[in-house]
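Letter by letter, the chains look like this.
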Amino acid sequence: MRLTVAVFAVFMVAGCAAPTCVYVTSTGGSIAVIDLETLEISKTVEVSGGPWGIAASAREPRVYVANFWGTSVVGIDTTTNTIARSIRCYFPWEIAVQPPVK
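Because the structure is predicted, anything quoted here is derived from the model rather than measured.

What counts, and where the lines are drawn
- Residues numbered from 1 in each chain as written.
- Predicted model: local features only at pLDDT ≥ 70, side-chain atom pairs only at ≥ 80, totals over all residues.
- Heavy atoms only, no water.
- Pairing = 2+ DSSP bridges.
- Helix = DSSP H or I, 4+ residues; strand = E, 2+ residues; numbered from the N terminus.
- Axes fitted to C-alpha atoms, helices over the stretch in contact; angles between N-to-C directions.
- Phe/Tyr/Trp six-rings, centres within 6.5 Å; stacked < 30°, edge-to-face > 60°.
- Buried < 20%, exposed > 50% of the residue type's maximum accessible area, 1.4 Å probe, protein only.
- Core = buried A, V, L, I, M, F, W, Y, C linked by side-chain atoms within 4.5 Å.
- Contact = heavy atoms within 4.5 Å.

1. What about the sheet that holds strand β6 (residues 62–67)?
At step 1: Across the sheet, 4 strands lie side by side as β5-β6-β7-β8; this open sheet has antiparallel pairing. Across the chains shown, the open sheet's two edge strands, defined by having one partner strand only, are β5 (51–56) and β8 (82–88). Averaged over neighbouring strand pairs, the angle between their axes works out to 25° when direction is ignored.
At step 2: Here 6 bridges tie β6 to strand β7 (residues 72–77), and the two strands are oriented antiparallel to one another. Pairing of asparagine 67 across the sheet is with serine 72, part of β7.

Rendered as structure tokens:
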């Protein structure tokens, strides 16, 4: 499988002491979940479009993806690595998640 990396970042799942995986956007329309111990793709989440920006929530176990060509913002549940929610949004380019209020 050929994976073209557009953006990658390490995200900690809410409540974990250390990151366990890396979420990588692909120009092929998917998100690759890379296990940090094996450095191999453990799962691929298809988002059908053009995932570009990616950000993690500190409040819940979610990674949010700006899916430019899919005209949506996709929320991926990091406990199951499945799409939890998709919100219609015209051509989102970047994304940010507000930090928790202290």
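2. Let's talk about the packing of aromatic side chains
At step 1: For the structure shown, the criterion picks out 5 aromatic pairs.
At step 2: Look at phenylalanine 68 and tryptophan 93: their rings are 5.3 Å apart centre to centre, the planes differ by 90°, and that puts the pair in the edge-to-face class. With a gap of 25 residues between them, phenylalanine 68 in the loop between β6 and β7 and tryptophan 93 in the segment after β8 connect regions that are remote in the sequence.
At step 3: Among the residues examined, phenylalanine 68 registers a relative accessible area of 17% and is labelled buried.
At step 4: When the centroid spacing of 6.0 Å and the interplanar angle of 80° are considered together, the rings of tryptophan 69 and phenylalanine 91 count as edge-to-face. Residue tryptophan 69 is located in the loop between β6 and β7, and its partner phenylalanine 91 is located in the segment after β8; the two are separated by 22 residues in the primary sequence.
At step 5: When its relative accessible area of 63% is taken as the criterion, tryptophan 69 is described as exposed.

3. A look at the nonpolar core
At step 1: With 11 residues, the main nonpolar core is built from Cys21, Tyr23, Ile31, Val33, Val45, Val47, Ile54, Val63, Val65, Val74 and Ile76.
At step 2: Listed by contribution, the elements that provide at least two residues to this core are β2 (21–26), β3 (30–35), β6 and β7.
At step 3: Beyond its immediate chain neighbours, meaning those up to four positions away, valine 45 contacts Ser30, Ile31, Val33, Ile76, Asn81 and Ile83.

4. So, unusual backbone geometry
At step 1: Positive phi is not limited to glycine here, since leucine 39 has a value of about 55°.
At step 2: Take leucine 39: it is sitting in the loop between β3 and β4 (40–46).
At step 3: Judged by relative accessible area, which is 65%, leucine 39 ranks as exposed.
At step 4: Phi at asparagine 81 is positive, roughly 55°, even though this residue is not glycine.
At step 5: Residue classification places asparagine 81 among the buried positions, given a relative accessible area of 14%.

Read these as layout, nothing more, since geometry by itself doesn't imply function.
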